[in-house]
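Below are the chains, spelled out letter by letter.
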Amino acid sequence: MSDKAPLILWFRRDLRLADHPALDAACKSGRPVIPVFILDEVFEDYGAAPKFRMHHALESFAASLKDKGSRLILRRGKALEVLRRLVKETGAGAVAWSRLYEPEAVSRDTAVKSGLKDDGIEAQSHPGHVLFEPHTVETKDGGPYKVYSPFWRAVRDRDVAGRIAGPGKIPAPDSWPDSDALDDWS
């Protein structure tokens, strides 16, 4: 796969341009970037209020991407199936995303990464919306902290990564795949 083949950047709740390690890495890769949001099996289980807020967040984020010379592709379905179709449609050589940490999201993301790699597609996950990756902050027994004070003592002297500026422009592909219309998702 060419290192100039498009990269699909799978957005979930991380609808921002700044402080986004996956977006930063995608833009620095030199590849055209295809931003995608998938209304998938994990998101479908959310209630009405989160879906309502997400609708407005997606509208706003799509406008932010447009200001950077890009666009947001919307698709619905099982994440791995949708990503495989998009890879085929676009000739993408890689898919990247920010990690989520809830058990159902971890399970889905593990299956997606494995499936894409089995297909010969580069699959990259980047740190998500946390100051420290959970696996880097564990109790002496190797599990997560359940009480704040010991957790705080474990991390208070650690450096926090600096702010990542948003991109000036997002490299666009020569042609864009089709997108669902947000209003059709109700």
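Analysis parameters
- Residues numbered from 1 in each chain as written.
- Predicted model: local features only at pLDDT ≥ 70, side-chain atom pairs only at ≥ 80, totals over all residues.
- Heavy atoms only, no water.
- Helix = DSSP H or I, 4+ residues; strand = E, 2+ residues; numbered from the N terminus.
- Rg over C-alpha atoms; globule rule 2.2 N^0.38 Å.
- Buried < 20%, exposed > 50% of the residue type's maximum accessible area, 1.4 Å probe, protein only.
- Contact = heavy atoms within 4.5 Å.
- Areas by Shrake-Rupley, 256 points an atom, 1.4 Å probe, with all protein chains shown as cover.
- Phe/Tyr/Trp six-rings, centres within 6.5 Å; stacked < 30°, edge-to-face > 60°.
- Expected span 1.5 Å × (residues − 1).
- Arc of directions from axis to C-beta.

J.: What exactly am I supposed to notice about the overall build of the protein here?
T.: On a plain count of helices and strands, the protein comes out with six helices and five strands. The helix and strand sequence of the protein, counted from the amino end, reads β-α-β-α-α-β-α-β-α-β-α. What you see for the protein is a C-alpha radius of gyration of 17 Å, in line with the 16 Å of a compact globule of 186 residues. Of all 186 residues assigned to the protein, the portion counted as buried reaches 40%. Counted over contacts in the protein with a minimum sequence separation of 6, partners at least 24 positions apart contribute 82%. Here the protein displays about 10,400 Å² of accessible surface, and carbon together with sulfur accounts for 52% of that area.

J.: Just checking my understanding: could you explain the packing of aromatic side chains for this structure?
T.: Any aromatic ring pair is given by two values, namely how distant the centres are and how the planes are angled relative to each other. One pass over the full model with this rule turns up six aromatic pairs. Ring geometry for Tyr148 and Phe151: centres 6.1 Å apart, planes at 45°, overall tilted. Residue Tyr148 and its partner Phe151 are both found in helix H6 (residues 148-155); the two are separated by three residues, about one turn of the helix. The class of Tyr148 is exposed, set by a relative accessible area of 55%.

J.: Just checking my understanding: could you explain helix H4 (residues 79-90) for this structure?
T.: Quick reminder: α-helices carry 3.6 residues per turn. Residues three or four places apart thus point the same way. Between its first and last C-alpha atoms H4 spans 16 Å; for 12 residues at 1.5 Å apiece the expected length is 16 Å, and the two agree. Within the span of H4, buried status applies to Ala79, Leu80, Val82, Leu83, Leu86, Val87 and Thr90. Looking straight down H4, one finds its buried side chains confined to an arc of 160°; they lie on one side. Along its buried surface, H4 packs onto strand S1 (7-11), strand S2 (33-39), helix H2 (41-44), strand S3 (73-76), strand S4 (94-98) and helix H5 (103-118). Following H4 by one or two positions, Gly91 adopts a phi angle in the positive range, close to 75°.

J.: Help me understand the side chain of Gln124, please; the structure alone is not making it clear to me.
T.: On the secondary structure map, Gln124 appears in strand S5 (residues 122-126). Leave out the neighbours within four places in its chain, and Gln124 touches Leu7, Ala94, Val95, Ala96 and Trp97.

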